[in-house]
Amino acid sequence: MNVLFLNDSSLLCQGLASGFSPLDDIRYIPVHLSGWEDRLSSLLRTWKPTFALAEGVSISTVAQKLFPLLRRYRLPLVYWAIDDPPDWLRMSRPLARGASLVLTPAQECLPLYKRERIRAHYFHFACNPSFHRPLTPSPEFTCDLLLVANYYTSYPQRRVGLETLLTPLLSKQFDLKVFGNEHWLSNTDGYILEPNVYQGYLPYDRLPNAYSSAKIVLGLHSVIDSPTMMSMRTFEALGCGAFFLTHWTPALENFFKNHVHLVWSRHPDETLELVRFYLSREDLRQKIARQGREEVYRNHTYQHRIQSVLKYLQGL
């Protein structure tokens, strides 16, 4: 297949692209960069993609120009609705109307697309074993607890994870490092981290180094009531061989086993108990981390994901 990605995000380059065959021709035209229309038109005059693919918000600001251009060249669009379900009404539905196929990580959104007569299939995040893999620990990331996550005010359910998982760990008794956007230092919610905890933005190519260096990697979810949707960091952290502690969601319980592949907490007090216990048990941390990595390599790589929808992609 010839696959044209309309973004060059890490999620595509280090993630989804790994699911395709080495024989597939994958190219990138990031439509958020100036001059994309000329570059796209020039490419499509000399190369015929099987389909174009875009994820999330990446095409929202250019849709009015992009969709007519794709129709002119009769190029199907595959839209990966990575912000389902909270942004289904505001973003996924209008963008999906310009797509030939929608992929969603939220199974509960499939009836919504069907009601709109939009062709959609379930398609979750995953890991790329050639990138998401254990590395030698780096001194700059060594710590008891590590969180790699942006601060968002737009997802109210995320506050549940903050209060369950992060708030009880903000005391000085733990060596905690948080990487993400600068909203951790200034936001309208008043949830502000101390400068010694906030470590700045982490380049994606350093993610495996960071996840391989912390005793416990923390995970936050913006959706806490979906049977399938969870943070992509879950699969990535497990792929990197991290001991992963997160707050409970039904999706986690549907995919993984507690204290076998990862560990989840339902209450701030439980979070403290779990952290104190597992910090003292390196043997159990290593065992659970190994089992988690084996589980995602066995069932949750992007090769698994592409194979699950390959017949639909080839039929576009």
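Here we summarise the structure given alongside this text.

What counts, and where the lines are drawn
- Residues numbered from 1 in each chain as written.
- Predicted model: local features only at pLDDT ≥ 70, side-chain atom pairs only at ≥ 80, totals over all residues.
- Heavy atoms only, no water.
- 1 Å grid on protein atoms, 1.4 Å probe; cavity = no way out; pocket = protein on both sides within 12 Å on 5 of 7 lines; lining within 4 Å.
- Points joined across faces, edges and corners; volume = space filled by probe spheres on them.
- Helix = DSSP H or I, 4+ residues; strand = E, 2+ residues; numbered from the N terminus.
- Pairing = 2+ DSSP bridges.
- Axes fitted to C-alpha atoms, helices over the stretch in contact; angles between N-to-C directions.
- Contact = heavy atoms within 4.5 Å.
- Parallel < 35°, antiparallel > 145°, perpendicular 65-115°, else oblique.
- Nonpolar A, V, L, I, M, F, W, Y, C, P; charged D, E, K, R; others polar.
- Buried < 20%, exposed > 50% of the residue type's maximum accessible area, 1.4 Å probe, protein only.
- Phe/Tyr/Trp six-rings, centres within 6.5 Å; stacked < 30°, edge-to-face > 60°.
- Lys NZ or Arg CZ within 6 Å of the ring centre and 35° of its normal.

### What to know about empty space enclosed by the protein
Evaluated as defined, the whole model comprises 1 cavity of 30 Å³ or more. If you add up the space inside the largest cavity, you get close to 30 Å³. As for the largest cavity, its lining consists of Leu16, Phe20, Leu53, Leu103, Phe123, Ile306, Val309 and Leu313. Sort the elements by how many residues they give to the lining of the largest cavity and helix H12 (residues 302-314) lands first, with 3 residues.

### Side note on the sheet that holds strand S11 (residues 263-265)
The parallel open sheet is built from 5 strands, whose spatial order is S8-S7-S9-S10-S11. Two strands close off the open sheet at either side, each with one partner strand: strand S8 (176-179) and S11. Ignoring which end each strand starts from, the neighbouring axes of this sheet average 25° apart. Here strand S7 (residues 143-148) pairs with strand S9 (residues 214-219) via 4 bridges, running parallel. In the strand pairing of S9, Leu147 is matched with Leu218. Helix H10 (residues 268-279) contacts S7, S9, strand S10 (244-247) and S11 of the sheet and is inclined by roughly 150° relative to S11.

### With respect to the packing of H10 against helix H11 (residues 282-299)
Running from amino to carboxyl end, H10 crosses H11 at an angle of 105°, the nearest separation of the two axes being 7 Å. Put simply, H10 runs roughly perpendicular to H11. Residues Phe277, Tyr278 and Leu279 of H10 form the contact with H11, whose participating residues are Glu282, Leu284, Arg285 and Ile288. A per-class count over the contact of H10 with H11 returns 5 nonpolar, no polar and 2 charged.

### Points about the environment of Leu4
By the secondary structure assignment, Leu4 is in strand S1 (residues 2-5). Sequence spacing of Leu4 and Ile26 is 22 residues, and the spatial spacing of their C-alpha atoms is 5.9 Å.

### Re the sheet that holds strand S6 (residues 120-122)
Within the open sheet, the 6 strands sit side by side as S2-S1-S3-S4-S5-S6. Their pairing is parallel. The sheet is open, and its two edges are formed by strand S2 (25-28) and S6, each paired on a single side. Direction aside, neighbouring strands of the sheet carry axes that sit 25° apart on average. Here S1 pairs with S2 via 4 bridges, running parallel.

### A closer look at the environment of Thr234
Summarising the element assignment, Thr234 is placed in helix H8 (residues 233-239). A residue is classified by how much of its surface remains accessible, and Thr234, at 0% relative accessible area, is buried. Separated by 12 residues in sequence, Thr234 and Thr246 place their C-alpha atoms 8.6 Å apart. With sequence-adjacent residues up to four places away left out, Thr234 is seen in contact with His221, Phe244, Leu252, Phe256 and Leu262.

### Quick notes on the packing of aromatic side chains
Within this structure, the stated rule accounts for 17 aromatic pairs. When the ring of Phe141 is compared with that of Phe179, the centres are 5.6 Å apart and the planes differ by 65°; the resulting orientation is edge-to-face. Here Phe141, found in the loop between S6 and S7, pairs with Phe179, found in strand S8; they are 38 residues apart in sequence, far enough to count as distant. Both residues of the pair, Phe141 and Phe179, count as buried. Ring centres of Phe277 and Tyr278 lie 4.9 Å apart, and the angle between their planes is 80°; this geometry places the pair in the edge-to-face category. Here Phe277 falls in the partly exposed class, since its relative accessible area comes to 38%. Of the residues examined, Tyr278 reaches a relative accessible area of 5% and is grouped as buried. Aromatic rings pair up to connect Trp80, Phe123, Phe125 and Tyr302 into one cluster. The positively charged end of Arg27 is found above the aromatic ring belonging to Trp47, 4.3 Å away from the centroid. Here the guanidinium or amino end of Arg305 rests over the ring plane of Phe235, the centre of that ring lying 5.4 Å away.

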